[in-house]
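Report on the structure
If you want the building blocks of each chain, they are given just below.
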Amino acid sequence: MNAILRFGAHVSIQGGVQKALIRGNEAGCQVIQIFTGSSRQWRSRKIGPAEVEKWHSARASLPVEPAMAHASYLINIASPSKETWDKSYTALAGELRRCHLLKIPALVLHPGSSLGEPESEAIARIAQALDRLFDEASDLSTRVLLENTAGQGSCIGHRFQHLRDICAKVRHPERLGLCLDTCHMLAAGMEITTREGWQGALDEIDQTLGLDRIQAVHVNDSKKALGSRVDRHEHLGRGFLGLSALRRVVNEPCLAGLPMVLETPKTTEYADAINLAILRNLAGKKRVGSRALRLAAQELTRAPSV
Ligand SMILES: [Zn+2]
Ligand SMILES: [Zn+2]
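Description of the structure in this document. (Residues numbered from 1 in each chain as written. Chains lettered and ligands numbered in written order. Predicted model: local features only at pLDDT ≥ 70, side-chain atom pairs only at ≥ 80, totals over all residues. Heavy atoms only, no water.)

**Topic: the coordination of the zinc ion (ligand 1)**
The protein atoms donating to the zinc ion (ligand 1) are E147 (OE), D181 (OD), H218 (ND1) and E263 (OE), with metal-donor distances spanning 2.0 to 2.2 Å. Given four donor atoms and angles of 86 to 172° at the metal, the environment of the zinc ion (ligand 1) is assigned as irregular. Each donor residue of the zinc ion (ligand 1) belongs to the same chain, and together they define the spacing E-x33-D-x36-H-x44-E. Here the zinc ion (ligand 1) and the zinc ion (ligand 2) are spaced 4.4 Å apart. Separated by 116 residues along the polypeptide, E147 in strand β5 (residues 143-147) and E263 in the loop between β10 (259-262) and α9 (271-283) bring together distant segments of the chain. Judged by its relative accessible area of 14%, E263 is buried. (Donors = N, O, S within 2.8 Å, 3.2 Å for Na, K, Ca; no water. Tetrahedral: all angles 85-135°; square planar, octahedral: opposite > 155°, others 65-115°. Helix = DSSP H or I, 4+ residues; strand = E, 2+ residues; numbered from the N terminus. Buried < 20%, exposed > 50% of the residue type's maximum accessible area, 1.4 Å probe, protein only.)

**Quick look at the coordination of the zinc ion (ligand 2)**
Protein-derived coordination of the zinc ion (ligand 2) comes from H184 (NE2), D231 (OD), D231 (OD) and H233 (NE2), at a distance range of 2.0 to 2.6 Å. For the zinc ion (ligand 2), the four donor atoms are set out with angles of 54 to 142° between them, so the coordination reads as irregular. On the primary sequence, the residues serving as donors to the zinc ion (ligand 2) are separated as H-x46-D-x1-H. Judged by its relative accessible area of 2%, H184 is buried.

**Points about the side chain of D221**
Tracing the sequence through the fold places D221 in strand β8 (residues 221-222). Here D221 is buried and forms no salt bridge, its nearest opposite-charge partner R238 lying at an N-O distance of 8.0 Å. (Lys, Arg positive; Asp, Glu negative; His and termini not counted. Salt bridge = Lys/Arg side-chain N within 4 Å of Asp/Glu carboxyl O.)

**Describing the packing of aromatic side chains**
This structure, assessed with the given rule, holds two aromatic pairs. On the numbers, 5.9 Å between centres and 10° between planes, the contact of W85 with Y89 is stacked. In this pair, W85 and Y89 both sit in helix α3 (residues 82-101), four residues apart, roughly one turn of the helix. For the cation-ring pair, R132 lies above Y89, with the distance from its terminal atom to the ring centre recorded as 4.0 Å. (Phe/Tyr/Trp six-rings, centres within 6.5 Å; stacked < 30°, edge-to-face > 60°. Lys NZ or Arg CZ within 6 Å of the ring centre and 35° of its normal.)

**Let's talk about the pattern of salt bridges**
Taken as a whole and assessed by the stated rule, the structure comprises eight salt bridges. Two residues, D131 and R171, come together in a salt bridge whose shortest N-O distance is 3.7 Å. Here D131, found in helix α4 (residues 119-136), pairs with R171, found in the loop between α5 (160-169) and β6 (176-181); they are 40 residues apart in sequence, far enough to count as distant. Of the residues examined, D131 reaches a relative accessible area of 11% and is grouped as buried. For R171, a relative accessible area of 52% corresponds to the exposed category. One network of salt bridges, with partners in common, ties together D131, D135 and R171.

**Structural notes on the state of the cysteines**
For the structure on display, the rule yields zero disulfides. Of all cysteine sulfurs in the structure, the one in C179 sits closest to C29, which takes part in no disulfide; the separation is 15 Å. Of all cysteine sulfurs in the structure, the one in C179 sits closest to C254, which takes part in no disulfide; the separation is 14 Å. Take C254: its relative accessible area is 30%, and that puts it in the partly exposed class. (Disulfide = S-S within 2.5 Å.)

**Some points on the sheet that holds β5**
An order of β1-β2-β3-β4-β5-β6-β7-β10 is seen for the eight strands of this closed barrel, with the pairing classed as parallel. Going from strand to strand, the sheet's axes swing by 30° on average, the running direction of each strand aside. One ladder, built from four bridges, connects strand β2 (residues 31-34) with strand β3 (residues 65-70); its direction is parallel. Bridge pairing in β3 places I32 opposite P66. (Pairing = 2+ DSSP bridges. Axes fitted to C-alpha atoms, helices over the stretch in contact; angles between N-to-C directions.)

Here it is as structure tokens:
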């Protein structure tokens, strides 16, 4: 196994943020991603000093690093509605402050949806929000990682050119990175199941954003086919990406050392542990127990969702 690979999963903060570190450790994560607030509600939860204290002490005692937080899905800094944009900006600033409080180095953000308005105007509104954020939060060190999207509806970010245009427009592009999601790449129409297709996508990133912009990876299989533009994650090896494509991703030299985080379905309480075992297996030189893992993954897709 390659020692510099850092694998983990998105884990729940139910019961307190520190519980995420404990859950991640139990599932075998080296790194975790969390929501620091609610993923689908505007009202953000307060993290008091006692909770912060518990977080830092759990962090000191467990071999798990919180590599990143994921911003709420409601935030849309591309919105043409002034009201939604304002609300989104306030929520985003809160996200960054909570990351700072918890010493989480990166915040993953979907660029937002143009809601049918011209893309160039949506991109200008995204850049405007990020400029204001980096001005008002100049003392907060957490980076913002824009995530490539599946391109559902009128979501920005399904083409790397969108993300390049955002980086080109902001005054502090050094505070922006890219979180690469493999499910979203396929759903957005990138044929990354072949060696040539994967290399082509990397070349495109290199030419638009530069490969060193990639600072994290969401390793997800896709429930929907190439170009579906539908964002549905699947257990590793059970979707349209498949294990050989994922093996290429995990062993890609230019991604070495980056946090690789699962956002696969939590079908059972051991689902993350199995998907992590599959990831490690893909990265291993000897494919120990791969038949057993395939069978375990089959069980996962058969198990009812919880
Ligand atoms: Zn993702
Ligand atoms: Zn997704």
